[in-house]
Amino acid sequence: MENTMNQTNQLNEMAAERRVKKEDLEKRARAIEQTESRGQKSTVRFLAVTGILSAAAFVLQYIEIAVPFMPSFIKFDFSDLPALLGSFALGPVSGILIELIKNLLHSAVSQSFGVGEISNFILGAVFVAVAGLIYKRKKTRTNALIGAFVGAAAMALISLPSNIFLVYPFYYNFMPKEVVLQMYQAIIPSIKNMTQALLVFNMPFTFVKGVISVLITMLIYKPLSPVLHGRRG
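Structure report, in brief. Given the structure is predicted, the values throughout are model-derived calculations rather than measurements.

Conventions we followed
- Residues numbered from 1 in each chain as written.
- Predicted model: local features only at pLDDT ≥ 70, side-chain atom pairs only at ≥ 80, totals over all residues.
- Heavy atoms only, no water.
- Axes fitted to C-alpha atoms, helices over the stretch in contact; angles between N-to-C directions.
- Helix = DSSP H or I, 4+ residues; strand = E, 2+ residues; numbered from the N terminus.
- Parallel < 35°, antiparallel > 145°, perpendicular 65-115°, else oblique.
- Left-handed = near helix turned anticlockwise from the far one by under 90°.
- Salt bridge = Lys/Arg side-chain N within 4 Å of Asp/Glu carboxyl O.
- Buried < 20%, exposed > 50% of the residue type's maximum accessible area, 1.4 Å probe, protein only.
- Patch = residues over 30% accessible without salt bridge, like charges linked within 9 Å, V, L, I, M, F, W, Y side chains within 5 Å.
- Areas by Shrake-Rupley, 256 points an atom, 1.4 Å probe, with all protein chains shown as cover.
- Phe/Tyr/Trp six-rings, centres within 6.5 Å; stacked < 30°, edge-to-face > 60°.

## Re the packing of helix H5 (residues 141-171) against helix H7 (residues 194-228)
For step 1, the next point in the chain: Interhelical geometry of H5 versus H7 gives an angle of 150° and a closest axis separation of 8 Å. If you check the angle between H5 and H7, you find them roughly antiparallel. Taken as a pair, H5 and H7 cross one another with a handedness that is right-handed.

Right, here's the structure in full:
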């Protein structure tokens with residue numbers, strides 16, 4: 001009788017253990033499903049937001065503003081702004097993709113044979129990648145400002161070799177180098193060569209362009225954050 005009771009108890013314990021294991025496996029399976037579902041939703045949101053911001057950047061690239069005290073062929077636009085928003089909200093990869101898609105779209109309708117777009121992509125990608133990477137390390141407003149200003153400075157530095165070796169040599173095929181230099185000299189007669197012109201005009205302009213995008217981003221990022229992150233309210 002005692003042996004029978006012991007066997008019954010053992011069977012009950014084994015059954016209880018199987019139930020616990022089964023419940024544990026079911027919980028793990030549900031957790032995996034929820035993780036996969038969140039991952040799929042996150043991927044969809046990443047692609048959707050990146051696509052929308054790319055379209056916005058492409059449109060903003062056409063809204064050009066003449067800049068005082070600069071040669072007439074240099075224009076200001078806000079097309080880096082959506083890429084900076086994407087870099088802060090979704091990470092630097094999103095920002096780089098926005099710069100890439102924007103310039104791919106623009107290359108289809110521009111007359112620069114892709115040269116201007118390559119330069120624009122390089123500078124924009126450096127800007128948003130540096131800003132996004134610094135912000136990603138510690139997501140605070142201060143870090144966002146530091147990252148964005150460092151990114152703007154990096155973009156300005158990269159603009160010098162980009163213009164010297166890529167952009168301006170292409171444009172010299174349509175406008176002689178001497179004529180381009182004269183456009184800078186009309187503003188500051190003491191400019192002696194194109195390298196000096198790019199240092200005095202283009203580098204500061206590129207930095208200021210980045211800073212303006214930073215300031216606007218700081219103003220609109222918080223109100224847009226719920227939309228960019230897929231949150232309500």
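Moving on from the model shown.
## Details of the pattern of salt bridges
Pairing is possible between side chains of opposite charge, provided their charged atoms come close.
For step 1, the next point in the chain: Within the structure shown, the criterion is met by 3 salt bridges.
For step 2, the next point in the chain: Among the salt bridges present, the one from Asp80 reaches Lys102, with a minimum N-O distance of 3.4 Å. Taken together, the residues Asp80 in helix H2 (residues 80-90) and Lys102 in helix H3 (residues 92-107) connect sequence positions 22 residues apart. Like Lys102, Asp80 is buried.
For step 3, the next point in the chain: Linking Lys102 and Glu99 is a salt bridge whose minimum nitrogen-to-oxygen distance equals 2.9 Å. In this pair, Lys102 and Glu99 are both assigned in helix H3, 3 residues apart and thus about one turn of the helix distant.

## Some thoughts on a nonpolar patch on the surface
For step 1, the next point in the chain: A grouping of Val93, Leu97, Leu100, Ile101, Leu104 and Leu105 is seen on the molecular surface, where their side chains present a nonpolar patch of about 470 Å² in accessible area.
For step 2, the next point in the chain: With respect to the secondary-structure elements, Leu97 resides in helix H3.
For step 3, the next point in the chain: Among the residues examined, Leu97 registers a relative accessible area of 31% and is labelled partly exposed.

## A closer look at the packing of aromatic side chains
For step 1, the next point in the chain: Summed over the entire model, instances satisfying the criterion amount to 10 aromatic pairs.
For step 2, the next point in the chain: On the numbers, 4.8 Å between centres and 90° between planes, the contact of Phe76 with Phe78 is edge-to-face.
For step 3, the next point in the chain: Residue classification places Phe76 among the buried positions, given a relative accessible area of 8%.
For step 4, the next point in the chain: Ring geometry for Phe88 against Tyr221: centres 6.1 Å apart, planes inclined by 80°, an arrangement best described as edge-to-face.

## With respect to H2
The α-helix winds at 3.6 residues per turn, so residues separated by three or four positions along the chain end up facing the same way.
For step 1, the next point in the chain: Summarising burial for H2: 11 of the 11 residues are buried, a large majority.
For step 2, the next point in the chain: Listed as buried for H2 are Asp80, Leu81, Pro82, Ala83, Leu84, Leu85, Gly86, Ser87, Phe88, Ala89 and Leu90.
For step 3, the next point in the chain: Where H2 ends, the next residue or the one after it, Gly91, has phi of about 110°, a positive value.

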